[in-house]
Amino acid sequence: MMPGVRVHPLLSVLAARRAEGSCPSNRTDGHRVALAVEGGGSRATYSSGMVLALEELGLAPCFDAVYGASAGALAGSWLVGAQAAHCCAGWYRPGLMERVTKPGRGLRGQPVVDVEYLINTVGEKVIPVDWQRVLEAEVPLHPVATDVETGEAVDLHDTIVDKASLQLALRASAAVPVLAGLPIEIAGRRYVDAAVAEPIPFRTAVDQGATHVLVLRTRRADQTAIDATRLEKALVSRLGAVNVPGLVHVLGTRLENRRADDRRLAHATASPGDEPPYLLEVRPPQGADTINPLETDPDVLRRGIETGQRALRDALELDEGLDAERAEPTPA
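Worth saying up front: this structure is predicted, and the values here are computed from it rather than measured. The residue count restarts for each chain, going from 1 along the sequence in the order it is written. The predicted nature of this model means local features are confined to residues of pLDDT at least 70 and side-chain atom pairs, given and counted, to a pLDDT of 80 or more, with totals for whole chains, interfaces and linings taken over all residues. No hydrogens and no water enter the side-chain calculation; it runs on all heavy atoms of the structure.

Visitor: I'd like a description of the environment of Ala288, backed by residues and values.
Guide: Summarising the element assignment, Ala288 is placed in the loop between strand 8 (278-282) and helix 12 (298-319). Ala288 gets classed as buried once you look at its relative accessible area, which sits at 13%. It is 8.2 Å that separates the C-alpha atoms of Ala288 and Gly304, two residues lying 16 residues apart in sequence. For this analysis, residues touch if any pair of their heavy atoms sits within 4.5 Å. The contact partners of Ala288, leaving out residues within four places of it in the chain, are Tyr46, Arg220 and Thr307. By the criteria applied, helices consist of DSSP H or I runs no shorter than four residues and strands consist of E runs no shorter than two, each listed in order from the N terminus. Three exposure classes are used, based on accessible area relative to the maximum for each residue type with a 1.4 Å probe and protein chains only: buried under 20%, partly exposed in between, and exposed over 50%.

Below, the structure is given as structure tokens:
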């Protein structure tokens, strides 16, 4: 460890937990460490690759909870179920994403992004997910979605009691308005894609007591937040404030909220005297592909996975967080 080089408190905690072999059932450090995984359609190949790197580094059991938005919730389920390597390969399996995402279906009034097929067919028959392992995982999964009536982000963790409800929560988290069809109903409430209200689900983690949050992003630092498209606004407006009151409201403030999240994460530091929560984001590097959310090219998607893997490993190496056992004490 070079003199004067500080380790981010989050990485210090992760390193100590990995060295001790701790898991949620035997924690003694008093911290609550969360992982927040951004989605974004096919852009989530980046965060999926980062999740894969965490699995490869043996860091998955070091978290106390995993929060995911949209495709980030699906990647989070792979991590807590210890099957990220198996499932990530689905992103670039020839023909698979072309079946999941078909813009032409929208012309026939069908979902452009078939989330139900992705979770209930691909996850059962094509690249089977061991859903029981996700349900029984010591590190709990918190899929986040947007409530249609209120426009607020909602943690669906407490609605998950079996495989069917887990799959439904994941579908709700990724139910992109219009593109993925109708909202998903759970216990009498209607939900759509988490990205409408909270595309980067770190705020829910912090609200629930997280002291340290590792945030996996799918946009490069030079990619600024974008507003809802004119088509999104027009379609939601057509549905009307009576049918989707929360969506009408949240789309009007989405750009402002996204920019606020970007600023908070970009300026999150861990200087002496800082108080938790400690936030650390990992983003795709400069020069990485600008991946369209509807991208289906296997080569592009594979590069996204591989770039995400490297970005996560480089971020930990840069902060020397995995050598924290030998680091000077830092605030934690």
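Let us keep going from here.
Visitor: Talk me through unusual backbone geometry; I want residue IDs and the actual numbers.
Guide: Pro276 connects to Pro277 through a cis peptide bond whose omega is 10°. Tracing the backbone through its elements, the reader meets Pro277 in the loop between helix 11 (245-266) and strand 8. For Ser70, which is not glycine, the phi torsion reads 60° and is therefore positive. Of note, Ala187 is a non-glycine position whose phi angle comes to about 50°, a positive value. Summarising the element assignment, Ala187 is placed in the loop between strand 5 (184-186) and strand 6 (189-192).

Visitor: Describe helix 3 (residues 71-80), with residues and values.
Guide: A large share of helix 3 lies buried, amounting to 10 of its 10 residues. Restricting attention to buried positions, one finds in helix 3 the residues Ala71, Gly72, Ala73, Leu74, Ala75, Gly76, Ser77, Trp78, Leu79 and Val80. Ala82, located one to two residues past helix 3, shows a positive phi value of around 55°.

Visitor: Could you give me a rundown of the packing of aromatic side chains, with the residues and numbers involved?
Guide: Centres within 6.5 Å are what make two rings of Phe, Tyr or Trp a pair, Trp counting through its six-membered ring; a difference in plane orientation under 30 degrees is then read as stacked, over 60 as edge-to-face, and the rest as tilted. Scanning the model with the defined rule gives zero aromatic pairs in all. In this scheme, the term charge over a ring applies when either NZ of a lysine or CZ of an arginine sits within 6 Å of the ring centre and within 35 degrees of the ring normal. The ring of Tyr117 carries Arg99 above its face, with NZ or CZ at 3.8 Å from the centroid.

Visitor: Tell me about the packing of helix 2 (residues 44-56) against helix 3, and please be specific about residues and values.
Guide: Where helix 2 meets helix 3, the axes come as close as 9 Å, and the angle between the chain directions of the two elements is 15°. Relative to helix 3, helix 2 is oriented roughly parallel. Between helix 2 and helix 3 the crossing geometry is right-handed. Each of Ala44, Ser48, Val51, Leu54 and Glu55 in helix 2 lies in contact with helix 3, whose residues at this interface are Ala71, Ala75, Trp78 and Leu79. Just so you know the grouping, Ala, Val, Leu, Ile, Met, Phe, Trp, Tyr, Cys and Pro go in nonpolar, Asp, Glu, Lys and Arg go in charged, and all remaining residues, Gly too, go in polar. Residues of the contact of helix 2 with helix 3, tallied by class, amount to seven nonpolar, one polar and one charged. For helices, the axis comes from a line fit to the C-alpha atoms of the stretch in contact; other axes are also lines fit to C-alpha atoms, and the angle between any two N-to-C directions lies between 0 and 180 degrees. In this scheme, roughly parallel covers angles under 35 degrees and roughly antiparallel covers those over 145, while 65 to 115 is roughly perpendicular and the rest are oblique. Handedness of each helix crossing follows the sense of rotation of the near helix against the far helix: counterclockwise by less than a right angle gives left-handed, clockwise gives right-handed.

Visitor: Tell me what's going on with the pattern of salt bridges, and back it up with residues and numbers.
Guide: Salt bridges, as used here, are contacts in which a Lys or Arg side-chain nitrogen is within 4 Å of a carboxyl oxygen on Asp or Glu. For the coordinates displayed, the defined rule picks out 16 salt bridges. Note that Arg313 is salt-bridged to Glu56, the shortest N-O span being 3.3 Å. Of this pair, Arg313 sits in helix 12 while Glu56 sits in helix 2, and the two are 257 residues apart along the sequence. Residue classification places Glu56 among the partly exposed positions, given a relative accessible area of 43%.

Visitor: I'd love a proper account of the pairing of strand 7 (residues 212-216), names of residues and values included.
Guide: Burial analysis of strand 7 places five of its five residues in the buried class, the great majority of the element. By the alternation rule, side chains of strand 7 split into His212, Leu214 and Leu216 and Val213 and Val215, which are all buried. Bridge analysis of strand 1 (residues 33-37) against strand 7 gives five bridges, and the strand direction is parallel. In the strand pairing of strand 7, Val37 is matched with Leu216. Bridge analysis of strand 7 against strand 8 gives five bridges, and the strand direction is parallel. By the bridge assignment, His212 is partnered in strand 8 with Tyr278. The pairing criterion is simple: DSSP has to find at least two bridges between the two strands.

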